[in-house]
Amino acid sequence: MKLNIAVCIKSVPDPEWYEKITIDIKTKTITRKGIPSIINPVDKNALEAALQLKEQFGGKVTVVCMAPPGATNELYEAMAMGADEAALLSDLAFAGADTLATSYTLAQGLNKLGKFDLVLTGTESADGATAQVPAQLAEWLKIPHLWNVKEFTFATEQELHAKVKMDDAVGEYVIQLPALLAVSREINKPRYTTAMGVMKARKKTLTILNKNDIDVNKSLIGQVGSPTWSGDISIPSLARKGQELIGTPEEIATQLIAKLRAAGINPAKRREGDGK
Amino acid sequence: MFTFTEEQEMLRKVIREFVEAEVAPKAQEWDEANHCPVELFPMLGEMGIVGTFVPEEYGGAGLGFVERSICLEELARHSAGLAITVMAHQLCMGGILNFGSEEQKKKYLPDLATGKKIGSLSLTEATGGSNFMGQKSTGEYKDWQWVINGRKCFITNSHLADVDLWTVITGQNEKGKPIMTAFIIDKDTPGHTAGRTEHKLGLCSSNTGDVSCVNVKLSPQQMLSQEGDGPKIALSTIQEVGRAGMSAICLGILRGCLEESVKFSNERIIYGKPLNKLMNIQFTIAENKLDYESAKLLTYRAASMKDKGLLCACEFALAKYAGNEGAIRAAKRTIDMMGGYGVINEYPIGRFLRDTLAGSTAGGTSDILKVVIAAETLKR
């Protein structure tokens, strides 16, 4: 049984640089200039799951990403980790896509690249964190999906037995292939990329596909195809408002309690046995 | 102008991720416990870090000295002790790779390059390291085998090594000068024993000590290259593998100083403002940056020359000198900037100073390096 597996990854700003990220009020987008990008952390878990399956059953792992051209670095890194080939869906027309337009573009890219037995993603991205793309992508592909998968095994050659993490429980499902699984961080520990892997990566195939290559309906891609629009964005002021209270300590305490109550904060009532 | 390739940039990124996850959180603990983390060696081997420059056919990553320097710099950024352990291991591999027979390469390199075994180079004696022709250890050919006797000191990986390269005096030439020869000694060879362990000023997460040979009997197949090739092996290995490695290690310590100084000056609030708003603190940052960038250019330029097969002994001497002296200056400046925090072991800057001071002798002290640099400069 050889598996043809696709792993969708996202290029996100390095979380260690989050404090340097600003929001452009006019374009309502985050300013990523000078902020290094990385593979979305949980997407590495999806890739690790795919690599383990390939090692166990054989087959091929293809990594797919919709992003500007700079994301080739993340795709080469995924191939350095062990993926066989990669495809970057990149076109100015894809810019400004919300989750629906993104998932549509990814689906069209996957349809162009071949028939996959399994599509793996992370549960959510570290930047947007909507967690919407996996389910939307599965719907576009017309395949079943599970989200927040912490463990899965093959029940038969065409069926997976998966455990899904819920708030206070674990759900157990059987899902038919082809299917999409959005995996959680706890499913595995992604392997480290080796020096040998880095050097081999550049010799692997990275295909860049634009809007004409993947047969898209232009009304469903990019900002045009995005029903979600950002509302007003404002940056809250974190400045503190100081106020001086004057009087004896008792008077100041009385004023302070009154102000706290006025602000909706009730100082704890004295309990019996607390002393004076 | 030297620039890194995209592969080299990615290599740095992935090695940094590994080091930040597996080395950085434990580096201080290893230092305090005088623990050399040999348990990481198989993983370092799998990552291609220990066998960077060993060809793939012998189990290595098949890369060059620029890549090796990247790996050592990243390791030394958080643990110079671990980095010098890897560097000393590579001295053994470098000797076998450059001077060993095909049979010796096939026998030893695969396990060394993948971190399954650990190597060392036993050259230095009580008479000194740089004066290696003055060594007293001997090799005598008797009954179809070589009998080795002697004591080596200040040997990195002395108590850990499975494969130990030894240099000994095997006779005198017609001018009465010593003939030095190198041998490969396996760990369990009778008479080959590790002696005292040194307690060092720095690099405490590396192992350093004595190694003795008492009537160690070796077959002629254990000789590395030919009789009398010892000086060539020693010089080449020390200068182009050892000094090259120490340049990268000093560079890693220097980057540690720079990054710690930036972090502290950003976070520490004084007079209601971050410390970095003070001009004298900005001078410290600028000087640390200059020391790091200068040493970086020298180190990677020398490494790229080595990869191109050019003579680079002087260039590595310049790089190690700049890196080691720069790291001493940067660590001292950063401690001064940090005040009381600088001498608290919760911060790594004190360890960086101890490590760079302890690393000054490996690959040649600054005075020896100046002699090398001057000799090359005066020759031109």
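Residues numbered from 1 in each chain as written. Chains lettered and ligands numbered in written order. Predicted model: local features only at pLDDT ≥ 70, side-chain atom pairs only at ≥ 80, totals over all residues.

Chain B carries the name Butyryl-CoA dehydrogenase in an unreviewed UniProt entry, which gives Pelosinus propionicus DSM 13327 as its organism. According to UniProt, the comment filed for chain B under the heading Cofactor (unreviewed entry) is "FAD". Under Sequence similarities (unreviewed entry), UniProt gives the following word-for-word description of chain B: "Belongs to the acyl-CoA dehydrogenase family." (UniProt positions renumbered as here; feature names shortened; annotations may be inferred.)

In the nomenclature of an unreviewed UniProt entry, chain A is known as Electron transfer flavoprotein small subunit of Pelosinus propionicus DSM 13327.

Draft legend 1. Examining the overall build of chain B more closely. Helix and strand counts for chain B come out as eleven helices and ten strands. A compact globule built from 380 residues should have a C-alpha radius of gyration of about 21 Å, and chain B, at 21 Å, falls within 12% of that. Considered along the principal axes of its C-alpha atoms, chain B spans approximately 80 × 45 × 40 Å. With 380 residues in all, chain B has 53% of them scored as buried. (Helix = DSSP H or I, 4+ residues; strand = E, 2+ residues; numbered from the N terminus. Rg over C-alpha atoms; globule rule 2.2 N^0.38 Å. Buried ≥ 20, exposed ≤ 12 C-beta atoms within 10 Å, placed from the backbone.)

Draft legend 2. Structural detail: the UniProt feature "domain: Electron transfer flavoprotein alpha/beta-subunit N-terminal" (unreviewed entry) in chain A. Mapped onto this structure's residue numbering, the UniProt feature "domain: Electron transfer flavoprotein alpha/beta-subunit N-terminal" (unreviewed entry) falls at residues 27–218 of chain A. Between the end C-alpha atoms of residues 27–218 of chain A the distance is 22 Å, and the span holds 30% helix and 31% strand.

Draft legend 3. Inspection of the interface of chain B and chain A at higher detail. Across the boundary between the two partners, chain B contributes 13 residues, which contact eleven residues of chain A. When contributions to the side of chain B that touches chain A are tallied by element, the ones reaching two or more residues are helix H1 (6–22) and helix H3 (41–47) of chain B. For the side of chain B that touches chain A, the residue count by class is eight nonpolar, two polar and three charged. (Contact = placed C-beta atoms within 7 Å. Nonpolar A, V, L, I, M, F, W, Y, C, P; charged D, E, K, R; others polar.)

Draft legend 4. How the structure looks around the pairing of strand E2 (residues 138–142) of chain B. Residue and element names in this part refer to chain B. Relative to strand E3 (residues 145–156), E2 runs antiparallel, the two being bridged by five bridges. Opposite Lys-142, over in E3, you have Gln-145 as the bridge partner. Counted between consecutive antiparallel strands, the loop separating E2 from E3 contains two residues, among which Asp-143 sits at a positive phi close to 50°. (Pairing = 2+ DSSP bridges.)

Draft legend 5. Quick look at the environment of A:Ala263. Residues and elements named next belong to chain A. Here Ala-263 is to be found in the segment after helix H6 (249–262). Residue Ala-263 is classed as exposed on the basis of its 8 C-beta neighbours within 10 Å. Measuring from C-alpha to C-alpha, the distance between Ala-263 and Glu-48 comes to 51 Å, with 215 residues separating the pair along the chain.

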